[in-house]
Amino acid sequence: MGTGRRGRPQRPLDTTVPALAELAQELRELRAAAGLTLDNLYTLTHWSKGALSAATTGRDLPRWDLVRAWVTACDPDANLDLWQARHRRARAQYERTRLVLPAGSPPAGRTEPAPPAPDTPAGPRPSSLERDAWRTLAPDRRPWGVAAHPAPIPLRFTTVGPDFTDTGSDAADLTGHYDQIGEIFALTGTGRLLVLGDRGSGKTQLARQLGTRLLTSDRSGSGSGSGSVVPVLVSLRGWRPERGPDSLLAWIADALTGCTTEDVRTLLGRHRLLPILDDFDSLTLRQRGRALHAFNQLPQQAPFVLVSGWTEFTRTVEQTDTVIAGSAGVRLLPVGVDDLDGWIQRSSRSRTKEQDWAPVLAALAARPDLPAATVLTDPTLAGAARLLYTDGRAVPAELVAEDATVEALEIRLVQHLFGSFPPYRQHGGIGGHQLQEQHRHQALHLLARREQEEEGPVGDLRVLYRGRHPSRRRAGVQAALLSLLSWIFLSLVQTPDNSRAYYSSSSSSPFDSAMLFWALIVGAGWYVYLRHRLDHRAARTDPLGRMRSWLLRAIPAGVALVLAAAIDADAYFERLALVMAAVLLAAAVWVAEEASRRPAPHWFLTELAFVPLLMFVVLPGFSIGALPVLLPVLLGVTVTGHWLRAVLTSRFALWGLYPGVVIGLLADATDPDVLRAGRSGWSFTHPAVARWYRKAPVGSHDAENTPEPVTGTGPIPVPGPARRGGWPDSAE
């Protein structure tokens, strides 16, 4: 009802034509939200009261001009394309049911179900495709998620411009909100929709909402019944688009039950399957470029929805100058104060909370420059604020305190989610569980710091332990030390009479220019290796870049080969031992690459075997002096060696983060959506979560350690067990 004077009750809604009844109900709700009466509408629209009243009965089809005037009067910013689509749908169904129904027949739009066959169950059996759809579209169960109780966050989105889509100047307006995404999808025409937004903005949940609406909506012909499209959410993490469009069909088929590549091709061609492709932003830039070409090689009539981060998608389009054919797009907008008003108080257990929130929301509306206004535009942090200040015991006035900062408020909210909120905690108690929780927190702390250094996902465990690369001074010191050890080895092994007496007093001059030259070659090569990026995914995509990457990987083996070339030609056994050591080092580099690409415990056990193998090769011969040179090289290329170096530099604070353990800890962190794992590596699902783990000390994960409200700029004072040692600034 409107907020004006009380008038006559509204007429009952006629549901004979379902689409017309829905249009009438939408008009009623729009007028009620605007607080207008029929008298107000008469003044604003210049339509008669009788025509306006009849438009909301569901019996007669109103003219489009009346609907447009009604909508414009109630909401000047409304999406007229969406309302026109609703009117067209109501008109089409109304015209099909205009014939006079025979007496005793069911109302138009409602058909009596046929009696079931004698041996057929009365209820329909869902197909395996429908079961896959409901399984993949399961809602986000995080208590701070977009779809959390009591109602979804009122997400809003706007239309993506033609620079990144395949739309013209006459394209439909796709502006809308969370509950309208199903109708917005129908406006695309081609069935190809982009859902773009920042991290934590609710992209995946909006895509789930679209799929759920299509499965449950009968009015648009997109239900799960016979002949309708079935949406299925498929993650693109791990997909290799360089293998062409058939690899995409095979990837989708693997996510379905009992489907082959040809089955997926047929379903797409018949508009029976709508893949909702999530995690496009988890691919590398090169892979995303190839993925765009793979999408454009699909059949022209094949519909799909692509979910991606805004920055990742737009950067790919700009780099490749390629858009997806027939695509339209929506971009999620930040949450506004008007969106929060009402929603954030809806789960209040008492009027006290509503009274506490009222001045806060009024202050945010009056002063949009407040730090809280920036923080609450993020749906994830808005959900955290609802949990902390509405469901919890904290006072909402903290948000608008004079000394509040964006950083302090973010840390406060994330601390409540990941430090104090009980549903998040996976482990509890004391002893081994507490130790495992502490190790998990250490691993996430280290990952957060490395992600900041890398400015992206961490795709190599060696990067996790060491960082991108050591400083020039540190790398120079290590290279100089290796060069000195090489020179000592060469000066000992060379004698004037080519004898193999290692410590002969008649050894050649220590200032032999040839030995010094080879030693400097070893040091220079090792310096280059230390300074290059360890991540194998960072190599450039051109042939010259690939050659450079392979040459860098060959440096450890090249150290042994340089030593073999520098010793006397008659020292056959020494040369053979060093060549075998070069083969071992090359194998160690390959194993380290595989351990970083597909982390598994057996790879690290294989790494441990290289140390005794190297000693077995060099100890029996006269090349034993090369062991002080080759052993640091071996430790410098393996993941285990980087872990040992990180343990020493952190004063044993990282002793419990053995590579095999870290893999399990990071995998556990992907279950509650703290981390995401893709081909590019591990990354946090939200920037605020990464910032919190970078700053929070060990022990802040304990549920008992609830921090005091924070309004200043300093870090959160979190009590907890003191850690051994300290965090390495750069755990080389």
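Keep in mind that what you see is a predicted model, and the values were worked out from it rather than measured. (Residues numbered from 1 in each chain as written. Predicted model: local features only at pLDDT ≥ 70, side-chain atom pairs only at ≥ 80, totals over all residues. Heavy atoms only, no water.)

Enquirer: I would appreciate a short explanation of the overall build of the protein chain in the present structure.
Expert: Across its full length, the protein chain holds 29 helices and 9 strands. The buried share of the protein chain, reckoned over its 732 residues, is 49%. Partitioning the intrachain contacts of the protein chain with sequence separation of at least 6 by distance along the chain shows that 73% fall at a separation of at least 24. Carbon and sulfur atoms form 56% of the exposed surface of the protein chain, whose accessible area is close to 34,100 Å². (Helix = DSSP H or I, 4+ residues; strand = E, 2+ residues; numbered from the N terminus. Buried < 20%, exposed > 50% of the residue type's maximum accessible area, 1.4 Å probe, protein only. Contact = heavy atoms within 4.5 Å. Areas by Shrake-Rupley, 256 points an atom, 1.4 Å probe, with all protein chains shown as cover.)

Enquirer: Any chance you could explain the pairing of strand 7 (residues 328-332) here in plain terms?
Expert: Regular strands have side chains that alternate between both faces of the sheet. Counting buried positions along strand 7 gives 4 out of 5 residues, so the element sits mostly inside the fold. As judged from the 4 bridges shared by strand 3 (residues 192-197) and strand 7, these two strands associate in the parallel manner. By the bridge assignment for strand 7, Leu196 is matched with Arg331. (Pairing = 2+ DSSP bridges.)

Enquirer: Explain helix 9 (residues 245-255) here, please?
Expert: Owing to its 3.6 residues per turn, the α-helix brings residues three or four apart onto one side. Those residues of helix 9 not exposed but buried are Pro245, Ser247, Leu248, Leu249, Ile252 and Ala253. Its buried side turned inward, helix 9 meets strand 4 (230-235), helix 10 (261-269), strand 5 (273-278) and helix 11 (285-296).

Enquirer: Would you explain the nonpolar core in this entry?
Expert: The nonpolar side chains of soluble globular proteins are, as a tendency, buried together. Counting residues in hydrophobic clusters, the biggest one holds 165 residues, and the most contacted among them are Phe295, Phe313, Leu630 and Phe684. Among the elements that take part in this core, helix 24 (residues 572-597) stands out by supplying 10 residues, more than any other. Residue contacts for Phe295: discarding those within four places in its chain leaves Arg192, Leu236, Trp239, Leu248, Leu277, Phe280, Phe304, Leu306 and Ile324. One finds Val17, Leu30, Leu41 and Ala78 within the second-largest nonpolar core, a separate group that totals 19 residues. (Core = buried A, V, L, I, M, F, W, Y, C linked by side-chain atoms within 4.5 Å.)

Enquirer: I keep staring at the packing of helix 6 (residues 128-136) against helix 8 (residues 203-216) and nothing clicks. Help me out?
Expert: Each pair of packed helices can be summarised by the angle the axes make with each other and by the distance between the axes. Relative orientation of the contacting elements helix 6 and helix 8 amounts to 145°, with a least axis distance of 10 Å. The two elements helix 6 and helix 8 cross, and the hand of that crossing is left-handed. Counted together, Ala133, Trp134 and Thr136 of helix 6 and Arg208, Thr212, Leu215 and Thr216 of helix 8 form the full contact between these two elements. Split into classes, the residues belonging to the contact of helix 6 with helix 8 amount to 3 nonpolar, 3 polar and 1 charged. (Axes fitted to C-alpha atoms, helices over the stretch in contact; angles between N-to-C directions. Left-handed = near helix turned anticlockwise from the far one by under 90°. Nonpolar A, V, L, I, M, F, W, Y, C, P; charged D, E, K, R; others polar.)

Enquirer: Which parts of the structure should I look at to understand the pattern of salt bridges?
Expert: A side chain of one charge can pair with a side chain of the opposite charge if their charged atoms are brought near each other. Across all of its chains, the model carries 13 salt bridges by this definition. Across the salt bridge formed by Asp65 and Arg63, the nearest N and O atoms sit 3.7 Å from each other. Accessibility expressed as a relative area gives 33% for Asp65, which makes it partly exposed. The closest approach of N and O atoms between Arg89 and Glu183, which form a salt bridge, is 3.2 Å. Taken as a pair, Arg89 in helix 5 (residues 80-96) and Glu183 in helix 7 (residues 181-186) lie far apart in primary sequence, 94 residues in all. Accessibility expressed as a relative area gives 10% for Glu183, which makes it buried. (Salt bridge = Lys/Arg side-chain N within 4 Å of Asp/Glu carboxyl O.)

Enquirer: Sorry, what's going on with a nonpolar patch on the surface here?
Expert: Where nonpolar side chains cluster on the molecular surface, the patch consists of Leu481, Leu484 and Ile488 and spans about 250 Å² of accessible area. For Ile488, the location among the structural elements is in helix 20 (residues 472-493). The partly exposed category is assigned to Ile488, whose relative accessible area is 35%. (Patch = residues over 30% accessible without salt bridge, like charges linked within 9 Å, V, L, I, M, F, W, Y side chains within 5 Å.)

Enquirer: Whenever I open this one, the sheet that holds strand 6 (residues 304-309) confuses me. Can you help?
Expert: By definition, the strands of a sheet pair up through backbone hydrogen bonds, in either a parallel or an antiparallel sense. Here 7 strands make up an open sheet; going across it, the order is 2-1-7-3-6-5-4 and the pairing mixed. Edge strands, defined here as strands with exactly one partner in the open sheet, are strand 2 (176-177) and strand 4. The pairing of strand 5 with strand 6 spans 2 bridges and is parallel. If you follow Leu277 over to strand 6, its bridge partner there is Leu306. Packing of helix 12 (residues 310-320) onto the sheet brings it into contact with strand 3, strand 6 and strand 7, and relative to strand 6 it is tilted by some 105°.

Enquirer: When you look at the packing of aromatic side chains in this model, what are you seeing that I'm missing?
Expert: Remark: the centre distance and the inter-plane angle together describe each pair of aromatic rings, the angle taken between the planes. In total, this model carries 12 aromatic pairs according to the counting rule given. The interplanar angle of 85° and the centroid separation of 5.1 Å between the aromatic rings of Trp643 and Tyr658 together place this pair among those described as edge-to-face. A residue pair is termed long-range when its members are at least 10 positions apart, and Trp643 in helix 27 (residues 639-649) and Tyr658 in the loop between helix 27 and helix 28 (659-670) qualify at 15 residues. Residue class for Trp643 comes out buried when judged on its relative accessible area of 8%. For Tyr658, a relative accessible area of 22% gives the class partly exposed. Above the face of the Trp83 ring, Arg86 is positioned so that its terminal group lies 4.6 Å from the ring centre. A cation over an aromatic ring shows up here: Arg331 above the ring of Trp310, its NZ or CZ 4.0 Å from the ring centre. (Phe/Tyr/Trp six-rings, centres within 6.5 Å; stacked < 30°, edge-to-face > 60°. Lys NZ or Arg CZ within 6 Å of the ring centre and 35° of its normal.)

Enquirer: Where do I start with the environment of Gly641 in this structure?
Expert: Looking at the element boundaries, Gly641 is found in helix 27. The spacing of Gly641 and Arg462 is 179 residues in sequence and 8.7 Å in space, taken between C-alpha atoms.

Enquirer: Could you clarify how one ought to interpret unusual backbone geometry in this entry?
Expert: A negative phi holds for most residues other than glycine; trans holds for most peptide bonds. At His271, a position not held by glycine, the phi torsion is positive, near 60°. Mapped onto the elements, His271 comes out in the loop between helix 10 and strand 5. Unusually for a residue other than glycine, Asp321 sits at a positive phi of about 55°. Position of Asp321 relative to the elements: it lies in the loop between helix 12 and strand 7.

Enquirer: Explain the packing of helix 20 against helix 21 (residues 513-531) here, please?
Expert: Following both chains from N to C, one finds helix 20 and helix 21 inclined at 150°, their axes separated by 8 Å at the closest point. Looking at the two axes, helix 20 sits roughly antiparallel to helix 21. Judged by the sense of rotation from one axis to the other, the crossing of helix 20 with helix 21 is right-handed. Contacts from Arg472, Ala475, Gly476, Gln478, Ala479, Leu482, Ser483, Ser486, Trp487, Leu490 and Ser491 in helix 20 reach Met515, Leu516, Trp518, Ala519, Leu520, Val522, Gly523, Trp526, Tyr527, Leu530 and Arg531 in helix 21. For the contact of helix 20 with helix 21, the class distribution of residues is 14 nonpolar, 6 polar and 2 charged. (Parallel < 35°, antiparallel > 145°, perpendicular 65-115°, else oblique.)

Enquirer: How should I be thinking about the side chain of Thr188 in this particular structure?
Expert: Mapping Thr188 onto the fold places it in the loop between helix 7 and strand 3. According to the relative accessible area criterion, Thr188 is buried, its value standing at 14%. A polar contact of 2.7 Å, which involves the side chain of Thr188, links it to the backbone oxygen of Phe185. Discounting residues that sit within four places of it in the chain, Thr188 has contacts with Leu174, Leu193 and Ala328. (Polar contact = N/O pair within 3.5 Å; in protein donor to acceptor, adjacent residues only side chain to side chain.)

Enquirer: Sorry, what's going on with the pairing of strand 1 (residues 156-159) here?
Expert: The pairing of strand 1 with strand 2 spans 2 bridges and is antiparallel. Within strand 2, the position partnered with Arg156 by the bridge is His177. The sheet contact formed by strand 1 and strand 7 spans 3 bridges and is antiparallel. Across the sheet, the residue bridging to Thr159 is Val330, located in strand 7.

Enquirer: Help me understand the side chain of Asp278 in this model?
Expert: Mapped onto the elements, Asp278 comes out in strand 5. Despite its burial, Asp278 pairs with no opposite charge, the nearest such side chain being Arg208 at 6.1 Å. A distance of 2.9 Å separates the side chain of Asp278 from the side chain of Thr204, its partner in a polar contact. If we skip the residues at most four places from it in the chain, Asp278 touches Thr204, Leu233, Val234, Ser235, Leu236 and Val307. (Lys, Arg positive; Asp, Glu negative; His and termini not counted.)

Limitation: the analysis is restricted to geometry and does not speak to function.
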